[in-house]
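# Understanding the architecture of this molecule
Next come the chains, spelled out residue by residue.
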Amino acid sequence: MRSKAPLVMMEQMVMLLVFALAAALCLQAFVRSDAQSKHSEARDRAVLQAQTVAETLRACGGDFIQAAELLGAEQYDEDSLLLAYAPDWTPAGETMRYLLGAARQESDVDGLGRAQVWVRDESGDGAELFRLDVAWQEVLS
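Residues numbered from 1 in each chain as written. Predicted model: local features only at pLDDT ≥ 70, side-chain atom pairs only at ≥ 80, totals over all residues. Heavy atoms only, no water.

### A few points about a negative patch on the surface
Threshold: What makes a patch is a set of residues exposed beyond 30% relative accessible area and free of salt bridges, joined within 9 Å when like-charged and within 5 Å when nonpolar (Val, Leu, Ile, Met, Phe, Trp, Tyr). For every accessible area listed, the method is Shrake-Rupley and the probe measures 1.4 Å; residues are considered covered only by the protein chains on display. Within this document, salt bridges are pairs made up of a side-chain nitrogen of Lys or Arg and a carboxyl oxygen of Asp or Glu, the two lying within 4 Å of each other. When charges are counted, Lys and Arg contribute as positive and Asp and Glu as negative, whereas His and the chain ends are disregarded. To locate a charge, take NZ of a lysine, CZ of an arginine, CG of an aspartate or CD of a glutamate. Put simply, DSSP H or I for four residues or longer makes a helix, DSSP E for two residues or longer makes a strand, and each gets a number counted from the N terminus. Between buried and exposed lies partly exposed: a residue is buried under 20% and exposed over 50% of the maximum accessible area for its type, with that area taken using a 1.4 Å probe on protein chains only.
There is a patch of like negative charges on the surface, built from Asp63, Glu69, Asp77 and Glu78. Here Glu78 is to be found in the loop between strand 1 (75-76) and strand 2 (80-85). Taking relative accessible area as the criterion, Glu78 reaches 59% and is therefore assigned exposed.

### So, the pairing of strand 3 (residues 98-105)
For clarity, the threshold we go by: The rule for pairing is simple: two strands pair if DSSP sees at least two bridges between them.
Note that strand 2 and strand 3 share six bridges and pair antiparallel. By the bridge assignment for strand 3, Ser80 is matched with Ala103. Summarising the sheet, strand 3 and strand 4 (residues 112-121) pair through eight bridges and their orientation is antiparallel. Residue Arg104 lies in a different strand from strand 4, and its bridge partner there is Ala115.

### A closer look at the side chain of Gln116
Which entries qualify depends on this criterion: Whether two residues touch is decided by their heavy atoms; if any such pair falls within 4.5 Å, the residues are in contact.
Assignment of secondary structure puts Gln116 in strand 4. The contacts of Gln116, once residues within four sequence positions are left out, are Gly101, Ala102, Ala103, Gln105, Arg131, Leu132 and Asp133.

### Some words on the nonpolar core
This is how the line gets drawn: Each nonpolar core is a collection of buried residues, namely Ala, Val, Leu, Ile, Met, Phe, Trp, Tyr and Cys, held together in the definition by side-chain atoms within 4.5 Å.
Core analysis: the largest hydrophobic core is formed by 24 residues, its most contacted members being Val53, Leu57 and Leu81. Excluding residues that lie within four positions of it along the chain, Val53 makes contacts with Leu71, Leu81, Leu83, Leu100, Ala102 and Val117.

### With respect to the pattern of salt bridges
This model, assessed by the stated rule, comprises seven salt bridges. In this structure, Arg120 engages Glu122 in a salt bridge whose closest nitrogen and oxygen atoms are separated by 2.8 Å. Under the relative-accessibility criterion, Glu122 is labelled partly exposed at 28%. Connected via shared salt-bridge partners are Asp79, Arg104 and Glu138.

### So, unusual backbone geometry
If you check the backbone angles, Trp89 has positive phi at about 65 degrees while not being a glycine. Mapping Trp89 onto the fold places it in the loop between strand 2 and strand 3.

### Comments concerning the environment of Leu25
With respect to the secondary-structure elements, Leu25 resides in helix 1 (residues 5-59). A relative accessible area of 57% means that Leu25 is categorised as exposed.

This is the structure in structure tokens:
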């Protein structure tokens, strides 16, 4: 009578291989979901920051200089402003990752001011995370 040890050993090696493949697939799914979660979190924060800028512009009646001073923007003029954020969405110094900008747009309607607010992730290819159009009522002279 022959020993069944080689057959049992082969069966255990096949089971170990199946378990290793399943573990690799689970690990890959976890890494993808983690990356997607971080991207979604960044997009959500971008939406919040863009809304803040849009509401500040509306409250200032389209005065970019006043809005920039309220928001703490370092780069601004009468028609645009830029804000830089670190990876943790605090105002950036040397570790800028996200760039938020707002620029005045031409309006076809008298008394209606328009601007566009955008947020980009500057860590890679500069992909845009969010874009928002904002409008406000201006005083007609």
